[in-house]
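# A closer look at the structure
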Amino acid sequence: IPELSNPSVCMKDPQRVQEILQSMVKAGSNTVQVITDFDMTLTRFAYNGKRCPTSHNILENSNLITSDCKEKLTELLNIYYPIEIDTSRSAEEKLPLMVEWWTKAHELLVEQKIRKDLLATAVRESDAMLREGFKRFFDCLNQQNIPLLIFSAGIGDILEEVIRQAGIFHRNVKVISNYMDFDESGVLRAFKGELIHIYNKREGALLNTDHFQDLRTRPNVVLLGDSLGDLHMADGVQDLKNILKIGFLNDKVEDRKQAYLDSYDIVLAKDETLDVPNLLKYIS
Ligand code: C5P
Ligand code: MG
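Keep in mind that what you see is a predicted model, and the values were worked out from it rather than measured. (Residues numbered from 1 in each chain as written. Chains lettered and ligands numbered in written order. Predicted model: local features only at pLDDT ≥ 70, side-chain atom pairs only at ≥ 80, totals over all residues. Heavy atoms only, no water.)

## Looking at the domain arrangement of the protein
Along its sequence, the protein is organised into domain 1 (2–43 + 129–282) and domain 2 (47–124). One C-alpha centre belongs to domain 1, the other to domain 2, and the line joining them spans 21 Å. Taken together, the contact pairs 29 residues of domain 1 with 31 residues of domain 2. Buried surface at the junction of domain 1 and domain 2, summed over both partners, amounts to about 2800 Å²; 73% is from carbon and sulfur atoms. Looking only at domain 1, the three residues that lose the most surface to domain 2 are M129, I158 and Y199, adding up to 20% of its buried area. For the interface between domain 1 and domain 2, the tally reads 0 salt bridges. On the surface where domain 1 and domain 2 come into contact, there are 10 residue pairs in polar contact (both at pLDDT 80 or more). Breaking the side of domain 1 that touches domain 2 down by element, the ones donating at least two residues are β5 (148–155), α7 (156–165), β7 (180–182), β8 (188–191) and α10 (253–263). A per-element tally of the side of domain 1 that touches domain 2 places α7 first, with 5 residues. (Domains from an automatic or database assignment. Contact = heavy atoms within 4.5 Å. Buried area = accessible area lost by both parts, 1.4 Å probe. Salt bridge = Lys/Arg side-chain N within 4 Å of Asp/Glu carboxyl O. Polar contact = N/O pair within 3.5 Å; in protein donor to acceptor, adjacent residues only side chain to side chain. Helix = DSSP H or I, 4+ residues; strand = E, 2+ residues; numbered from the N terminus.)

Have a look at this one:
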């Protein structure tokens, strides 16, 4: 598999990766499902040295919110993002702080009376960028009828708009995320349902048992993420047989490499492409 010789690829146990892939190839594409994170996994972390926006950032940078609100959201980002990627703190320690970040940010967004009919323009005018090779990735899975679950702690309405505008919101795609709740006049009044943040994807998965029940004939999972919390996205999968975990290591590479190698089968260090996930084309 030539993709695995890319310089960005790091593996603790390459033999095991080969075995999982062989087993999936043998079982065939009709036994496979893909579960992926969205922000900084399907989208780029940086382009030409400049950070790319998350789905939250797309709104934050848009003209749908006031400069005062932008300032407050940037303050939150400056406080909480370093905590998100801090290797010296445990997930248990970070969890309440992440809930705090998401809750405060969502409260600020709700105060802005954002209009649903303006979201598409905000996305169109944003710097959102999917990783190189995204079209091949989405089209190939669709052609093979492989279900693709996008499981995101970002904002569902925004990420759906990103993939719709990219022309890849195919029938095989399902999204679990934080969705906005609009009033009758189309103004944001709250976020729907249970909050999904980076450390409760396990609980989010278990709330969606119907989805995984429908896919129980697909025990082979390819998981894509960029946070260690993303490893729990497959916790709802029924009768799991093989799982190939591919992790994007975007930031603080040297500090976090060992932890990523210990949890992800394939670690992609500073790789802005979907070249390695596109090895799915061999499973047909
Ligand atoms: O799609 P995904 O699950 O990756 O979305 C989570 C990402 O959103 C986190 O990596 C976090 O840095 C980012 N985030 C943000 N603004 C917030 C909350 C989270 O950019 N207010
Ligand atoms: Mg992410």
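## A look at the coordination of the magnesium ion (ligand 2)
Looking at the magnesium ion (ligand 2), the protein donor atoms are D37 (OD), D39 (O) and D226 (OD), and they sit 2.0 to 2.2 Å from it. Counting along the primary sequence, the residues that act as donors to the magnesium ion (ligand 2) give the motif D-x1-D-x186-D. One end of the pair, D37, is in the loop between β2 (32–36) and β3 (46–47); the other, D226, is in the loop between β9 (220–225) and β10 (242–249), with 189 residues separating them in the sequence. For the pair shown, D37 and D226 are each scored as buried. (Donors = N, O, S within 2.8 Å, 3.2 Å for Na, K, Ca; no water. Buried < 20%, exposed > 50% of the residue type's maximum accessible area, 1.4 Å probe, protein only.)

## What about the sheet that holds strand β6 (residues 173–178)?
Spatially, the 7 strands line up as an open sheet ordered β1-β11-β10-β9-β2-β5-β6, and their pairing is mixed. For this open sheet the edge positions go to β1 (9–10) and β6, each flanked by a neighbour on one side alone. Across 6 bridges, β9 lies against β10 in parallel orientation. Residue pairing across strands places V222 opposite L244, the latter belonging to β10. Helix-sheet contacts for helix α1 (residues 14–27) involve β9, β10 and β11 (266–269), and the interaxial angle to β10 is about 125°. (Pairing = 2+ DSSP bridges. Axes fitted to C-alpha atoms, helices over the stretch in contact; angles between N-to-C directions.)

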